[in-house]
Amino acid sequence: MRPSLIGLLAVAAFAAGLPAHAQKNYGPGVSDTEIKLGQTVAYSGPGSAYSMVGRMHVAYYKMLNETKGGINGRKINLLSVDDAYSPPKTVEVTRKLVESDQVLAMVASMGTAAQTSVQKYLNAKQVPQLLFYASSPGLHDSKATPWTVPFSFAYDIEGSIYGKYLAEQKPNTKIGVLYQNDDVGKSYIRGFRKALGARQANIVKEVSHEVSDPTVDSQILQLQASGADTLVVFTSNKAQAQAIKKVAAIGWKPLYIVPYVSSSITGVLTPAGLDNSVGLVSSYWFKTPSDPMWTNDKAMQEYLAYFKKYLPNDDPGDTTSVYTYMGAQLVALALERCGDNLTRENLLKQVTTLKDVELGMLLPGMKVNFRPDDYYPIRQARLASFDGKSWKPMAELITIER
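(A) Just unusual backbone geometry, in detail. With a phi close to 50 degrees, Leu-131 is a non-glycine residue in the positive phi region. Along the chain, Leu-131 turns up in the loop between strand E5 (129-130) and strand E6 (148-149). Assessed through its relative accessible area of 1%, Leu-131 is described here as buried. The phi dihedral of Asp-356 falls on the positive side, at around 50 degrees, and the residue is not glycine. Within the secondary structure, Asp-356 is located in the loop between helix H13 (344-352) and strand E13 (380-386).

Next up, the structure:
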């Protein structure tokens, strides 16, 4: 006997009315109540100055869990583990997080060498390696390693912004360059040269230094002797502070460009001497708490209130603080957009299709844009000059085209 039309309609109506949990699709580390994520950070060792990366994300998800019940009703459980800024240690703890702890994804980790060391492993396992704080061209390769998606103002893009500025605004300058002899420094140099174009001949001297070098005094003396009137120093906090001090001590007055990663007022310029730092040029793409122009800005007020409650012992004015705050927001947004389809594949899809995302701490007019074939989310910045107290805008947004 054939079922009646009424019976068929009743079955269809019942199916349509099934509760939402019937449509849930979970990957490792996910349940109705939890989303387990992994992170590696240098809480110790030579990179521990950037341990804010870990503290920020732990605190941000704690805030979401306390104030919003997590994301879509699931608490965020971030396993943030120390890798001591040592790639072999990064490999060891990442394997444990993936194979023993069964995390859904690795998110917001730090360190170029560290993230490169686990890149092939995570791609082979098809584990998302998402929105981490590191950059080199190989970490932005959407074709070769599609599961590796950084959130960074890529070093080669930032280098290109300085090169474009000098080529257009200072076409006859003589340039001396000091760079860190690793993937970070070499990425900056690559973008810088490319944007200089025909003006690459303006580079009169390039010298490098090792992260382990006790000082960069000899390199600064070599660059001064070259006759350069523009100094570009692509290096990290400790060496940057040393370079600023040495340039001041010898009475050299070049146009001095520093990358944003070593432009922190509290982390670099204060140790180097604020008077010594007057006139430095850097780039920025987010609002800085030290700039009074943002005092009444709603997003800034929310950011400072968050810091006061959840990170009372940290400095909200440090550039790493602002940067990692926005990274935590992006991780949360991607997870929210996953809904109940919390698989590794869908999380990757949600991150790589984030388009025209306006974060409150970005400069006005700026947006975050990923594409499945382009893992460079930030391609704009403004230049700023340090006046002894804060960074002051110099120019309109400079854009490096796709």
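(B) Local environment of the packing of aromatic side chains. For the structure shown, the criterion picks out 23 aromatic pairs. Ring centres of Tyr-155 and Tyr-188 lie 4.9 Å apart, and the angle between their planes is 40 degrees; on these two criteria the pair is classed as tilted. Of the two residues, Tyr-155 is situated in helix H5 (residues 155-169) and Tyr-188 in helix H6 (residues 183-196); the sequence distance between them amounts to 33 residues. For the pair Tyr-155 and Tyr-188, one class covers both residues: buried. Seen in terms of ring centroids, Tyr-303 and Tyr-325 are 4.9 Å apart; in terms of plane orientation they differ by 80 degrees. Their pairing is edge-to-face. Taken as a pair, Tyr-303 in helix H11 (residues 298-310) and Tyr-325 in helix H12 (residues 319-338) lie far apart in primary sequence, 22 residues in all. Assessed through its relative accessible area of 0%, Tyr-303 is described here as buried. An aromatic cluster is built from Tyr-60, Tyr-61, Tyr-303, Tyr-306, Phe-307, Tyr-310 and Tyr-325, whose rings are joined through pairwise contacts.

(C) Spotlight on the packing of helix H8 (residues 237-249) against helix H9 (residues 265-272). Direction vectors running N to C along H8 and H9 enclose 30 degrees, while the axes themselves pass 8 Å from each other. Here H8 is positioned roughly parallel relative to H9, judged by the angle of their axes. Note on packing geometry: the crossing formed by H8 with H9 is right-handed. On H9, the residues that touch Asn-237, Gln-240, Ala-241, Ile-244 and Lys-245 of H8 are Gly-267, Val-268, Leu-269, Pro-271 and Ala-272.

(D) Quick look at the packing of helix H7 (residues 217-225) against H8. Where H7 contacts H8, the axes come no closer than 9 Å and their chain directions differ by 50 degrees. Judged by the angle between their axes, H7 and H8 are oblique. Crossing of H7 over H8 shows right-handed handedness. Taking contact as the criterion, the partners of Asp-217, Ile-220 and Leu-221 in H7 are, on H8, Ala-243, Lys-246 and Val-247.

(E) Fine view of the layout of surface pockets. Its volume calculated, the largest pocket comes out at about 890 Å³. Residue lining of the largest pocket: 39 residues in total, with Tyr-50, Tyr-85, Gln-180, Val-184 and Ser-236 positioned closest to the centre. Counting only elements with at least two residues in the lining of the largest pocket, the list comes to helix H4 (112-125), H6, H8 and H12. Sorting the residues of the lining of the second largest pocket by element identifies helix H2 (52-68), H11 and H12 as the ones contributing at least two each. With six residues, H11 is the single largest residue contributor to the lining of the second largest pocket.

Conventions adopted
Residues numbered from 1 in each chain as written. Predicted model: local features only at pLDDT ≥ 70, side-chain atom pairs only at ≥ 80, totals over all residues. Heavy atoms only, no water. Helix = DSSP H or I, 4+ residues; strand = E, 2+ residues; numbered from the N terminus. Buried < 20%, exposed > 50% of the residue type's maximum accessible area, 1.4 Å probe, protein only. Phe/Tyr/Trp six-rings, centres within 6.5 Å; stacked < 30°, edge-to-face > 60°. Axes fitted to C-alpha atoms, helices over the stretch in contact; angles between N-to-C directions. Parallel < 35°, antiparallel > 145°, perpendicular 65-115°, else oblique. Left-handed = near helix turned anticlockwise from the far one by under 90°. Contact = heavy atoms within 4.5 Å. 1 Å grid on protein atoms, 1.4 Å probe; cavity = no way out; pocket = protein on both sides within 12 Å on 5 of 7 lines; lining within 4 Å. Points joined across faces, edges and corners; volume = space filled by probe spheres on them.

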